[in-house]
Amino acid sequence: MTAVVLPHFFCLVLCLCSGWLPAEKLAQEVSCSCADATVCGLLLTASGTAFEMSAIEKIEEQFASLRIAKRSVLSEEPAYLLDIDVSGSAQSASSRFVAVSCSNKSIRVYNRETLNFLREYSSCPGTLNGVRFAHVCDSLVFSACSDGMVKCWDIRLATQKAAQVFSGYPSNVFISFDINCSDLMICAGTEKVETDTFLVFWDARGSTDCASTTREPLGVYSESHNDDVTKICFHPVKPSLVVSGSTDGLVNVFDINKDNEDDALISTCNSDSSVSFIGWSGKDYEQIYCTTHDEGFCWWDLAQLDTEEPIMLLRVLDARDAVCIENGSLNYLVGGMYHEKTGRLFLIGGTATGDVHLISCSAAGLSLVGTLPGGHSATVRSFCWNPAEESLLTGGEDAQLLLWRPGAVERSLAKKMSMKIASSVQKRVRVHNSSLKSRKK
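What you see is a predicted model, and the numbers here were worked out from it, not measured in a lab.

Parameters and conventions
- Residues numbered from 1 in each chain as written.
- Predicted model: local features only at pLDDT ≥ 70, side-chain atom pairs only at ≥ 80, totals over all residues.
- Heavy atoms only, no water.
- Helix = DSSP H or I, 4+ residues; strand = E, 2+ residues; numbered from the N terminus.
- Buried < 20%, exposed > 50% of the residue type's maximum accessible area, 1.4 Å probe, protein only.
- Contact = heavy atoms within 4.5 Å.
- Areas by Shrake-Rupley, 256 points an atom, 1.4 Å probe, with all protein chains shown as cover.
- Phe/Tyr/Trp six-rings, centres within 6.5 Å; stacked < 30°, edge-to-face > 60°.

Student: Describe the overall build of the protein, naming the residues involved and giving the relevant values.
Tutor: Each helix and strand in the protein was counted, giving 6 helices and 33 strands. When each of the 441 residues of the protein is scored for burial, the buried share is 52%. Counting only contacts in the protein whose residues sit at least 6 apart along the sequence, the fraction spanning at least 24 positions is 51%. About 19800 Å² of surface is accessible on the protein, with carbon and sulfur atoms providing 52% of the total.

What follows is the structure in structure tokens.
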């Protein structure tokens, strides 16, 4: 069958005419000749119906084009790369710095474009958990520490001393934290000590006004979790909303503008397993999701809290069994990321040999979008995806930080072998079999 290619102007005319198509073309396929197919994104069939190019197809094409552009140089003390963040907005292409939290109790800072090493901060004697740049000032980087402090470093200063220290209570061991989108509030989650588990809050305003001073907490939430708080994540655009995940299986959403913890708790969802990652997704970010330490996945719609509709969008007991990968396998999930432009939620997973999988989430289930082989030689522990420039940062147990770009050609060192060390994360894994429940207020 011969295809008829129409100029972009005529594509628009056909769309506006609600499916009009000359009778003599009914047996022919009509397509657009626009130079930028991603802008037009239309395929006009013989029936005159206009179809937008599949969002998944666009992402699949972009992901498949990624190649290693840069590879960091191994340090004298190689370590697992556990968490990654970039300065500036995650959607911005102008980020200058990359910060990585490492298993050797340090934060390493790199140039965003070249992956050249800039500086390193040590947390001794505590273990660092997570790394976050301030949203407004891209020279401030934060991390929670097992010594009961959240520390802030100013990478403009040639000093190993923290610019600001946010102290917890004497028994606190922080294993998770986040800073809200307005840089006004910090929240950190603790390990369970005897019967106590806390979410601790601080006022983060003016973090470098009084260098090297210590700030006391504003207060705590202590009733909503009964085990280690493994993840904290503030809402991307609403500074008062925060979600927490725990090894007790619960995923709690709070509005911290409320006067007390009970009123602040908007929703409690149960993943039935130990939570390893949480995030926000959906239009206006009204959805939350989590992955678990036994590779499960749960996805909830908070917009349904005041309706009779179920809030659960999808529950997958084990993603390793749910995702079909031809001539390959899925060994673990790293985390997730909501792609605003396409309105889709994606998970990042991988194999023990370092392959990276991109997985699409829908109400129908999980499906493989694409795979990046040959970059890492061991488990990938962290990632940061920048949709604005279609680039990806990954870090893993091979101590390598990789920058992936469309069509790039690598001109650096070959990949390294993995280093096996004990994982403190695995020591906190608990699988729960209680029934799924939600709390509406």
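Student: Give me unusual backbone geometry: which residues, what numbers.
Tutor: The phi angle at Leu 115 is positive, at roughly 60°, despite the residue not being glycine. Within the secondary structure, Leu 115 sits in the loop between β8 (106-111) and β9 (117-122). Accessibility expressed as a relative area gives 3% for Leu 115, which makes it buried. Notably, Glu 295 is not glycine yet its phi reads approximately 70°, a positive angle. Along the chain, Glu 295 falls in the loop between β24 (287-292) and β25 (297-301).

Student: Just give me the short version of the packing of aromatic side chains, but keep the residues and values in it.
Tutor: For the structure shown, the criterion picks out 12 aromatic pairs. Taking 6.3 Å as the distance between ring centres and 65° as the angle between the ring planes, the aromatic pair formed by Phe 166 and Trp 202 counts as edge-to-face. Placement of the pair is Phe 166 in strand β13 (residues 164-167) and Trp 202 in strand β16 (residues 199-203), with a sequence separation of 36 residues. Trp 202 shares its class with Phe 166; the two are buried. Among the aromatic residues, those joined into a ring-pair cluster are Phe 142, Phe 166, Phe 174 and Trp 202.

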